[in-house]
Amino acid sequence: LTTQGEPDGGDPSLWEEVYWKERLEQIMDSIAMNIVILILVLTDICIFLVYDVAHVSDEDFPVEKVVIQILVLVLMVIELTLRQMSKGRRFWWNWWNCLDFFVIWISVIIAIVIYSLSSQGSDSDDLAEARSATTTARVVTRL
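Residues numbered from 1 in each chain as written. Predicted model: local features only at pLDDT ≥ 70, side-chain atom pairs only at ≥ 80, totals over all residues. Heavy atoms only, no water.

(A) Spotlight on the overall build of the chain. The helix and strand tally for the chain stands at five helices and zero strands. Ordered by position from N to C terminus, the α and β elements of the chain give α-α-α-α-α. Residues classed as buried in the chain amount to 31% of the 143 residues present. By sequence separation, contacts in the chain at least 24 residues apart represent 61% of the contacts at least 6 residues apart. Entry remark: accessible area of the chain is about 9200 Å², with carbon and sulfur atoms responsible for 66%. (Helix = DSSP H or I, 4+ residues; strand = E, 2+ residues; numbered from the N terminus. Buried < 20%, exposed > 50% of the residue type's maximum accessible area, 1.4 Å probe, protein only. Contact = heavy atoms within 4.5 Å. Areas by Shrake-Rupley, 256 points an atom, 1.4 Å probe, with all protein chains shown as cover.)

See the structure below:
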């Protein structure tokens, strides 16, 4: 290493790339980020309990439920993508990350299918049950 901390004869742009990935990894592993993810998971649980267990609304897909569920899924996909970017190949070495990846993307696929079937007027009770199962799985992967 040189006195500036750069690799001998190294490209400074390579050093900057390593730095931002390390910084992103620190942010993604921080307590604040874990609290944000916990809030997302709790929001997802509350929506599930209120609309699917307690049946607060007579509608199958109340607007506020759909908006919150989509927002939670989008934020989880963004968090997952940032975590993948920060860890690189190491992301796949942790089986919890692999499980989280699988559960989040299955949840996204199920949500797309449920909402597209509901817009066509199809009955999607089986898929709604699968959606609640993936909500439970997302909770487990985040605890």
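(B) View of the pattern of salt bridges. This structure, assessed with the given rule, holds five salt bridges. Notably, a salt bridge pairs K87 with E25, separated by 3.1 Å at the nearest N-O pair. With K87 in helix α3 (residues 63–87) and E25 in helix α1 (residues 12–28), this pair connects stretches of sequence that are 62 residues apart. Considered together, K87 and E25 belong to a single accessibility category, that of buried residues. Residues R90 and E25 are paired through a salt bridge, measuring 2.7 Å at the closest nitrogen-oxygen approach. Here E25 lies in helix α1 and R90 lies in the loop between α3 and α4 (95–119), a separation of 65 residues in the sequence. Looking at E25, the relative accessible area reads 15%, which means it is buried. (Salt bridge = Lys/Arg side-chain N within 4 Å of Asp/Glu carboxyl O.)

(C) A look at a nonpolar patch on the surface. Together, I70, L71, V74, L75 and I78 give the surface a local cluster of nonpolar side chains, amounting to about 400 Å² of exposed area. By the element assignment, L75 lies in helix α3. When its relative accessible area of 36% is taken as the criterion, L75 is described as partly exposed. (Patch = residues over 30% accessible without salt bridge, like charges linked within 9 Å, V, L, I, M, F, W, Y side chains within 5 Å.)

(D) Up close: the nonpolar core. Counting 19 residues, the largest nonpolar core has I37, L40, M76, I104 and Y115 as its most contacted members. When contributions to this core are tallied by element, the ones reaching two or more residues are α1, α2 (31–53), α3 and α4. Those residues in contact with Y115 that lie beyond four places of it in its chain are F61, V66, Q69 and I70. (Core = buried A, V, L, I, M, F, W, Y, C linked by side-chain atoms within 4.5 Å.)

(E) Quick peek at α3. Counted at 1.5 Å a residue, the expected span for α3 with its 25 residues is 36 Å, and the 36 Å between its end C-alpha atoms agrees. By the burial criterion, the buried members of α3 are K65, V66, Q69, V72, L73, M76, V77, E79, L80, R83, S86 and K87. G88, located one to two residues past α3, shows a positive phi value of around 65°. (Expected span 1.5 Å × (residues − 1).)

(F) Representation of the packing of aromatic side chains in the model. Tallied over the full model, the rule gives four aromatic pairs. Seen from their ring centres, F101 and W105 are 6.5 Å apart, and the 55° between their planes marks the pair as tilted. Of this pair, F101 and W105 are both found in helix α4, four residues apart, which corresponds to roughly one turn of the helix. Relative accessible area serves as the criterion here: at 34%, W105 is assigned to the partly exposed category. Taken together, the ring pairs connect F91, W92, F101 and W105 into an aromatic cluster. (Phe/Tyr/Trp six-rings, centres within 6.5 Å; stacked < 30°, edge-to-face > 60°.)

(G) Layout of the environment of I68. Tracing the sequence through the fold places I68 in helix α3. For the pair formed by I68 and L40, sequence separation is 28 residues and the distance between their alpha carbons is 9.8 Å. Those residues in contact with I68 that lie beyond four places of it in its chain are T43 and I47.

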